[in-house]
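Geometric and topological summary
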Amino acid sequence: MPKLQAAAQVGAEHPVWPGQAGCQLHLGQVLRLPQGAQGQIEVPVSLAHPAGVHGAVAKEVKLGDHPTGQLRGRDGVEFHALQYPPSMLTLLPLLFACTRAPPSIVLISMDTTRADALSVYGGPAQTPALQSLADRGLVAEWGLSQSATTLASHTAVFSGLDPHRAGIVRNGYPVAEGIPLLQEQFEAQGWDRIAVVGSTALEPDMGLQRGFRVYDDHDLRAVEKRYEVGADQVTQAALAHLDAQGEAQPTLLFVHYYDPHTPWDSSPAQLQEQRCAERSSPVIDGSTQTTLNLGERAFLDQLKAEDVQAAWCLYEAEIEWTDQQIGLLLDGLEERGRLKDSLVVVFSDHGEHMGSPNGSPYGHGPDVDPDIIHVPLIFAGTGRFAGLNGRLDRQIRLMDLGPTILGLLDWPSALGDGEDTSPILKGERTWEAPPNFAEATQPANLQLSDRWNNLPFQRSVTHGGFSYVRTPFLYTHSLFALDTPVRLIEDAKRMEDMNAQLIAWDAQAPPFRPWQPTQQTVEALKALGYLE
């Protein structure tokens, strides 16, 4: 089929279709075609769009007897050509209009989810929604958290700061007003910002609501001793807030699912019965009391193999339930056209000990070994964010997420100390990962009052395929090789070197931070089990 070149390149600004205000196209206005010509024309187009797409494209438009044609340009933009049949005209004006789904950045947090529990990472919990994202996206093999608690880890995501630099002791210590947050960068760029959270651990008083237009923590209900809402309600609320926008806008959407956190009783009974019919135990039913008793029974050597298996099964059921809801969220976004030009990032704030021989056998808070800090991290993009593929065997910290997202948008980053790893994700170049420092937040009764509160607690540094863990108040230390599976090793020289890194990090710790909670915060943390 012959290719016909434009005979004139007269720049002209053409009107756009209704609902596309601000989208302007400049192109060669007149094409001279032979009577009855068939073929393709190549049209140079310069595009300016308020959502931030700029540049020039050259695309081919098929001509025929149909009055309209359509093609997809770069960055998810669709170009529509209004055509007249060439048999009618020798001078053929082409009017173009651009339509594009507004870009979406979707951050999905799965609370208390260890990476090796997910089927995406070879684990037992079947997570088809996450697998679908992984199949079309990029899986970071070593996503790493900087803390063992919800608030500090999410603060790292949104500020690019570790707990020392952010000054977050543990849940209940709000983010300082002067710390820039990721959502404020989106606000400055004119994007809408919506957050839906599943637990009072991220209640608005904790400071991460700053910069979000909508910060929905629901009318929190008590589930035994924990204030949370189920994954289904979180999904429904997120989609409802998008629908309430009216006309779709460029949007940052943060969705926080709390269900994998204890108690393990929010997944539907039918799922638990199907999943755990052959792995049940009278010792553990997922309730708050029985999950809290797991650690005590483990210390007393009273847990049987069937008890350990039952605990794992209930935990897996919560993860699978959350994956189902993530699938429904993604389906809802797809139906609303929000995934045509999108970046979806799935992560967890920290993991969970599940019968660990190292440190506390169950739960989280007192430990920052690989079971706790190794978290899932998946990127999937379309439109301008397309091209993030494969599996990345390089550690990426949660505190790198904010700068990386800004880098993928080609926006300047003024966000904390995290790395912009976007060139690595896109396969453009790579470099050695910096060390990941993490610290535990428990036991609170052993905190200091004359220096940084958490200095006596377990801390770790992870770098170069190894994780060194030291617990000052117990005078113990360990070294892990980050193989599959992770294993304990002995290497005195490496332990000495990594301990020096920890000492240097702690030397930069902030001073003691007093706790000045509201009564509402105290009640919420008690309900969540973080306070006696």
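The paragraphs below set out a description of the structure included in this document. (Residues numbered from 1 in each chain as written. Predicted model: local features only at pLDDT ≥ 70, side-chain atom pairs only at ≥ 80, totals over all residues. Heavy atoms only, no water.)

**Regarding the overall build of the protein**
To keep it simple, the criterion reads: Where helices and strands are cited, they refer to DSSP runs of H or I of at least four residues and of E of at least two residues respectively, numbered from the N terminus. Only heavy atoms enter the contact rule, under which two residues are in contact if any of them lie within 4.5 Å. Every accessible area reported is derived by Shrake-Rupley at a probe size of 1.4 Å, with residue values counting cover from the shown protein chains alone.
Scanning the protein from terminus to terminus reveals 13 helices and 27 strands. If you take every contact in the protein between residues at least 6 apart in sequence, the share linking residues at least 24 apart comes to 66%. When the accessible surface of the protein is summed, it comes to about 21700 Å², and 51% of that surface belongs to carbon and sulfur atoms.

**Considering the nonpolar core**
Our working definition: For our purposes a nonpolar core is just a set of buried Ala, Val, Leu, Ile, Met, Phe, Trp, Tyr and Cys residues, chained together by side-chain atoms within 4.5 Å. Burial status follows relative accessibility: with a 1.4 Å probe on protein chains alone, a residue under 20% of its type maximum counts as buried, one over 50% as exposed, and anything between as partly exposed.
With 52 residues, the main nonpolar core has Ile-108, Leu-130 and Leu-333 as its most contacted residues. Counting residues per element, this core draws most heavily on helix α8 (residues 305–335), at twelve residues. In contact with Leu-130, not counting residues within four places along its chain, are Met-110, Leu-118, Val-120, Asp-323, Ile-326, Val-346 and Ile-378. With 46 residues, the next largest nonpolar core counts Leu-161, Leu-182, Trp-191 and Leu-377 among its residues.

**Section: helix α12 (residues 492–507)**
The condition is simple: An expected span of 1.5 Å times one less than the residue number is assigned to each helix. An arc is given here, and it is the one of the directions from the helix axis to the C-beta atoms.
Its 16 residues give α12 an end-to-end C-alpha distance of 22 Å, which sits within 8% of 22 Å, the value for a rise of 1.5 Å per residue. Along α12, the residues classified as buried are Met-495, Met-498, Asn-499, Leu-502, Trp-505 and Asp-506. Taken down its axis, α12 places every buried residue within 115 degrees of arc, on the same side. Exposed and facing more than 90 degrees away from the buried side of α12 are Lys-493, Glu-496 and Ala-507. Against the buried residues of α12 lie α3 (163–166), β23 (436–439), β24 (459–463), β25 (466–471) and β26 (476–481).

**Digging into the packing of helix α6 (residues 269–276) against α8**
Selection rule: The convention used is that axes are lines fitted to C-alpha atoms, helices contributing only their stretch in contact, and that angles between N-to-C directions extend from 0 to 180 degrees. Here the word oblique covers every angle except those under 35 degrees (roughly parallel), over 145 (roughly antiparallel) and from 65 to 115 (roughly perpendicular). The hand of a helix crossing depends on one turn: near helix anticlockwise from the far one by less than a right angle means left-handed, and clockwise means right-handed.
The geometry of α6 relative to α8 is characterised by a closest axis approach of 10 Å and an angle of 130 degrees between their N-to-C directions. Taken together, the axis directions place α6 and α8 in an arrangement best described as oblique. Considering the relative orientation of α6 and α8, their crossing is right-handed. Across the interface between the two elements, Leu-271, Gln-272, Arg-275 and Cys-276 from α6 touch Cys-313, Leu-314, Glu-316, Ala-317, Glu-318, Glu-320, Trp-321 and Gln-324 from α8.

**Observations concerning the state of the cysteines**
Threshold: When the sulfur atoms of two cysteines come within 2.5 Å, that pair is taken as a disulfide.
By the definition in use, this model includes one disulfide. Put simply, Cys-276 and Cys-313 are joined by a disulfide, and their sulfur atoms are 2.0 Å apart. Across the S-S bond linking Cys-276 and Cys-313, the dihedral sits near -105 degrees, which makes this disulfide left-handed. Placement of Cys-276 in helix α6 and of Cys-313 in helix α8 is noted, with a sequence separation of 37 residues between them.

**Notes on the pattern of salt bridges**
To keep things clear, this is the line we draw: By convention in these notes, a salt bridge is any Lys or Arg side-chain nitrogen within 4 Å of a carboxyl oxygen on Asp or Glu.
With the rule as written, the count across this model stands at 22 salt bridges. For Glu-187, the salt bridge is made with Arg-193, and the minimal N-O distance between the two is 3.6 Å. A residue is classified by how much of its surface remains accessible, and Glu-187, at 42% relative accessible area, is partly exposed. Exposure remark for Arg-193: the relative accessible area of 10% places this residue in the buried category. The shortest N-O distance in the salt bridge between Asp-450 and Arg-451 comes to 3.8 Å. A relative accessible area of 60% means that Asp-450 is categorised as exposed. A single salt-bridge network, built from bridges that share partners, covers Arg-275, Arg-279, Glu-316 and Glu-320.

**So, the sheet that holds β23**
Rules: For two strands to be treated as a pair, DSSP must find no fewer than two bridges joining them.
Judged by pairing direction, the sheet is antiparallel, and its five strands sit side by side in the order β23-β24-β25-β26-β27 without closing on themselves. Single-partner strands in this sheet number two, and they are β23 and β27 (487–489). Going across the sheet, the axis of each strand differs from the next one's by a mean of 25 degrees, ignoring polarity. The pairing of β26 with β27 spans three bridges and is classified as antiparallel. Residue pairing for β27: Ala-481 is matched across the bridge by Arg-487.

**Looking at the packing of helix α5 (residues 231–243) against α8**
The axes of two packed helices give the description: the angle between them and the distance between them. Worth spelling out the cut-off: Side-chain classes are defined by residue name, with Ala, Val, Leu, Ile, Met, Phe, Trp, Tyr, Cys and Pro counting as nonpolar, Asp, Glu, Lys and Arg as charged, and the others, Gly among them, as polar.
In contact at an axis separation of 9 Å, α5 and α8 are set at 15 degrees when each is read in the N-to-C sense. Taken together, the axis directions place α5 and α8 in an arrangement best described as roughly parallel. Here α5 runs over α8; the crossing is right-handed. Judged by residue contacts, Ala-231, Asp-232, Thr-235, Ala-238, Leu-239 and Leu-242 of α5 engage Trp-321, Gln-325, Leu-328, Leu-329, Gly-332 and Leu-333 from α8. Each residue belonging to the contact of α5 with α8 can be placed in one class, and the counts come to eight nonpolar, three polar and one charged.

**Observations concerning the packing of aromatic side chains**
Note the following rule: Ring geometry is summarised as follows: Phe, Tyr and Trp rings, the Trp one being its six-membered ring, pair when their centres sit within 6.5 Å, and such pairs are stacked at plane angles under 30 degrees, edge-to-face over 60 and tilted between the two. The rule is short: NZ of Lys or CZ of Arg within 6 Å of the ring centre and within 35 degrees of the ring normal puts a charge over the ring.
Within this structure, the stated rule accounts for ten aromatic pairs. For the pair Tyr-173 and Trp-515, a centre-to-centre distance of 6.0 Å together with 25 degrees between the ring planes defines the contact as stacked. With Tyr-173 in the loop between α3 and α4 (182–188) and Trp-515 in the loop between α12 and α13 (519–528), this residue pair connects regions lying 342 residues apart in the sequence. Judged by relative accessible area, Tyr-173 falls into the buried class, the value being 3%. Judged by relative accessible area, Trp-515 falls into the partly exposed class, the value being 31%. On the basis of an interplanar angle of 75 degrees and a centroid distance of 5.1 Å, the ring pair of Phe-186 and Trp-191 is categorised as edge-to-face. You can call Trp-191 buried: its relative accessible area is 3%. Its end group placed over the ring of Phe-466, Arg-494 keeps NZ or CZ at 3.8 Å from the ring centre.

**Considering the pairing of strand β17 (residues 342–347)**
Where burial is concerned, most of β17 is hidden: six out of the six residues are buried. Relative to β17, strand β10 (residues 104–110) runs parallel, the two being bridged by six bridges. Within β17, the position partnered with Ser-104 by the bridge is Ser-342. Bridge analysis of β17 against strand β21 (residues 377–381) gives five bridges, and the strand direction is antiparallel. If you follow Val-344 over to β21, its bridge partner there is Ala-380.

**What to know about a nonpolar patch on the surface**
We apply this condition: Patches here are clusters of residues that have more than 30% relative accessible area and form no salt bridge, with a 9 Å joining cutoff for like charges and a 5 Å cutoff for nonpolar side chains (Val, Leu, Ile, Met, Phe, Trp, Tyr).
Together, Leu-446, Phe-473 and Leu-474 give the surface a local cluster of nonpolar side chains, amounting to about 240 Å² of exposed area. With respect to the secondary-structure elements, Leu-474 resides in the loop between β25 and β26.

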